[in-house]
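Secondary and tertiary structure notes
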Amino acid sequence: MLDKIGVSSLDDLYGDVPSDFIYKKEYDLPEAMTEQQVREHFSSLEAKNQRLKIFAGAGAYDHYTPAVVPYLASRSEFSTAYTPYQAEISQGTLRYIFEYQSMICELTGMEVSNASMYDGPTAAAEAAMMAMVCTKRKTRVLLSDTLLPHVAEVIRTYALYHGIELGAIASEGGQTSLEALEKELQSGDVAGVIVPDINKYGIIEDHTGLTEAVHKAGGVAVAYCDPSALAVIKTPGEWGFDIAVGDGQPLGLPLNFGGPYVGFMACRKEHVRKLPGRIVGQTTDADGKRCFVLTLQAREQHIRREKATSNICSNQSLMALYVTIYLSLMGPEGLRRVNEISAAGAHILHDKLLETGLFTEVFDKPFLKEFVLKPSCPPEKLHKALLEKGFFGALPDDEGYVSFCVTEKRSAEEIDNLVKAVKEAEL
């Protein structure tokens, strides 16, 4: 191979790299192991992971994943499939992507969904770029102060390298301020507005008048959503949003120490040509039978990079398969039940924590499964004390609050044990 490309050694391949940056010592690599030793080694590493009772959310939720979901998703025809370019041999993959899109549209109340994205924050960043394209000459995108911090950070990173000027919408009483939004819109240069449906405080936001104000100013309204909660709260479509984005992780994807996750993006039909990624559509073959094809693609492999709607690459279809199987199993009634159990547990925990006298209420606003309180001790100290007792909760934020989250996986006994741990902690 070296002869073929005309170099004498492997070192020549790194000739352009300054010598100071080349590691010259021996690599600290372990000795070879047998298969049994390798298995035992990884088992010992896995045993170091702490198994905690999760009472935290902040964009990643510990919902139950039915056993049939990973079982079906691991079938060879799914786990080996990558990208469905050849429709004649990819009907299975195309079918479940089509079903995924249909379910996302039903959840969000939107007319069109793409075939999924990397995760929620990058989907939000893509929505910011899409807003710029949809409105053309407008230059700013406004982010609500109540967005999850990591979502806002990813949007800022994308914006820095795509020429997007970001502005902020102040919050009032724990939710996006309509008055602050209207003031920002007066500049006339706002391409889009990104606000959460359930915000970083766990509050279900009231968007009355928001989308009307954005549209009147010629902008695009984007909702960042928890898709599981959309089964029981007002959808982006009902509020009048143009684009809905979020993370599909609550829909059957286990936390798994941080991923992989899957972003979703849906929009109104009028914006379909600006939608990044791809769309699978339904049609009929030469014999009149139902079949599926890639209807719309906006990828850098097919059009000039500088003219591309987006340069996103993979469609995360294996994770979209998880979501599709989960939603098929749960159905509307199952999703409602998940939210009912989660909400009941969250409100019980909320009230019992206040009864300890160690917390004060921050916002008296409706919440579903997540809420914030102000502790009487340093937030970090409380969080650490709970970790030591086997609970992952009381996530501290920059405002001196702590957040808790309860899903259908948390039992009444676990809730009582958490409250007991708080009382026993030396705070």
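First things first, this report covers the structure right here in the doc. Here the structure is a predicted model, which means the values were calculated and not measured.

1. Quick notes on the sheet that holds strand S16 (residues 395–396)
- If you trace the four strands from one edge of the open sheet to the other, you get S13-S14-S17-S16, paired in antiparallel fashion. Two strands bound the open sheet, and with one partner strand each, they are strand S13 (359–361) and S16.
- Pairing of strand S14 (residues 370–375) with strand S17 (residues 402–405), which is carried by four bridges, proceeds in the antiparallel orientation. Following the sheet pairing, Phe371 is matched in S17 by Phe404.
- Contacts from helix H11 (residues 317–355) reach S13, S14 and S17, with the element oriented near 10° to S14.

2. Looking at the pairing of strand S4 (residues 165–169)
- Pairing between strand S3 (residues 140–144) and S4: five bridges, direction parallel. Residue pairing across strands places Leu143 opposite Ala168, the latter belonging to S4.

3. Let's talk about the side chain of Thr135
- Among the structural elements, Thr135 can be located in helix H6 (residues 120–135).
- For Thr135, a relative accessible area of 16% puts it in the buried group.
- The contacts of Thr135, once residues within four sequence positions are left out, are Ala191, Gly218, Gly219 and Val220.

4. As for the environment of Ala385
- Mapped onto the fold, Ala385 is located in helix H12 (residues 379–388).
- Linking Ala385 and Asn256, residues 129 residues apart in sequence, is a C-alpha distance of 23 Å.
- Discounting chain neighbours no more than four positions away, the residues touching Ala385 are Ala425 and Leu427.

5. Re the layout of surface pockets
- Within this model, the largest pocket holds a volume of roughly 630 Å³.
- Lining of the largest pocket is provided by 21 residues; of these, Ile54, Asp62, Leu255, Asn256 and Phe257 occupy positions nearest its centre.
- Class assignment of the residues belonging to the lining of the largest pocket gives a composition of eleven nonpolar, six polar and four charged.

6. Let's talk about the environment of Ser342
- Mapped onto the fold, Ser342 is located in helix H11.
- Given a relative accessible area of 1%, Ser342 falls into the buried group.
- With 69 residues separating them in the primary sequence, Ser342 and Ser411 have C-alpha atoms 9.9 Å apart.
- Among residues more than four places away in sequence, those in contact with Ser342 are His63, Leu368, Lys369, Val406, Thr407 and Glu408.
- Within the structure, the side chain of Ser342 is placed 3.1 Å from the backbone nitrogen of Glu408, a separation counted as a polar contact.

Reading the values: the criteria
- Residues numbered from 1 in each chain as written.
- Predicted model: local features only at pLDDT ≥ 70, side-chain atom pairs only at ≥ 80, totals over all residues.
- Heavy atoms only, no water.
- Pairing = 2+ DSSP bridges.
- Helix = DSSP H or I, 4+ residues; strand = E, 2+ residues; numbered from the N terminus.
- Contact = heavy atoms within 4.5 Å.
- Axes fitted to C-alpha atoms, helices over the stretch in contact; angles between N-to-C directions.
- Buried < 20%, exposed > 50% of the residue type's maximum accessible area, 1.4 Å probe, protein only.
- 1 Å grid on protein atoms, 1.4 Å probe; cavity = no way out; pocket = protein on both sides within 12 Å on 5 of 7 lines; lining within 4 Å.
- Points joined across faces, edges and corners; volume = space filled by probe spheres on them.
- Nonpolar A, V, L, I, M, F, W, Y, C, P; charged D, E, K, R; others polar.
- Polar contact = N/O pair within 3.5 Å; in protein donor to acceptor, adjacent residues only side chain to side chain.

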